[in-house]
Amino acid sequence: MVAEHFAEKGYRKVAFIGRSGGRGLLRLNSFAENCERLGLDLCRRISRDIVSGVPEGRRALHDLLSDGGSVEAVFCASDLLAIGALLEARSRGMQMPDDIAIAGFGDSVLAKEIMPGLTTVASDTRILGEIAGDMILQRLQKKNTDQGIRNIPLRLIERGST
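This report concerns the structure included in the present document. (Residues numbered from 1 in each chain as written. Predicted model: local features only at pLDDT ≥ 70, side-chain atom pairs only at ≥ 80, totals over all residues. Heavy atoms only, no water.)

Some remarks on the packing of aromatic side chains
Right, so step 1: With the rule as written, the count across this model stands at five aromatic pairs.
Right, so step 2: Both rings, one in F6 and one in Y11, keep their centres 5.9 Å apart while their planes meet at 90°; by these two values the pair is edge-to-face.
Right, so step 3: Grouping aromatic residues by their ring pairs yields a cluster made of F6, Y11, F16, F31 and F75. (Phe/Tyr/Trp six-rings, centres within 6.5 Å; stacked < 30°, edge-to-face > 60°.)

In structure tokens form, the structure reads like this:
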């Protein structure tokens, strides 16, 4: 979804910032597969074992830009990481999306409040809650203890950062 958006906007050199495990790894793998399919150059991947949010996003973008490589767009595995990256880019005098595009995941309340507005992937939280409630109920009733991955509908919310 984000790779498609980056491709539609004309970005070719892209990067990823996220956790090295869990949902971060799932998002990286999906993003990487789509980048390859679309011919995008996933030139940098910054993965951390522990992700603290905004400060880690700032540090990750700092590391990404400090090596002298050029990146046009960055997908962060969470909105908090993306907001940190956006703040780091802004502290360097960079303009979004002219100098660098940044997208996140989660559609947090801050995503629409921070300027220029964070492009993000949103999930249907109502469906997520229903699935979680059903899983808890099934587990309590010992009917089905399968705790496998469930896919829920996602949508891209485009704002000013891309």
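Describing the layout of surface pockets
Right, so step 1: Size it by volume and the largest pocket reaches roughly 1100 Å³.
Right, so step 2: As for the largest pocket, its lining consists of 35 residues, of which R23, L26, R27, F105 and L154 are closest to the centre.
Right, so step 3: Going through the elements one at a time, α1 (2-9), β1 (13-19), α2 (22-38), α4 (79-91), β5 (119-123) and α6 (125-140) are the ones with two or more residues in the lining of the largest pocket.
Right, so step 4: For the lining of the largest pocket, the leading source of residues is α2, giving nine residues. (1 Å grid on protein atoms, 1.4 Å probe; cavity = no way out; pocket = protein on both sides within 12 Å on 5 of 7 lines; lining within 4 Å. Points joined across faces, edges and corners; volume = space filled by probe spheres on them. Helix = DSSP H or I, 4+ residues; strand = E, 2+ residues; numbered from the N terminus.)

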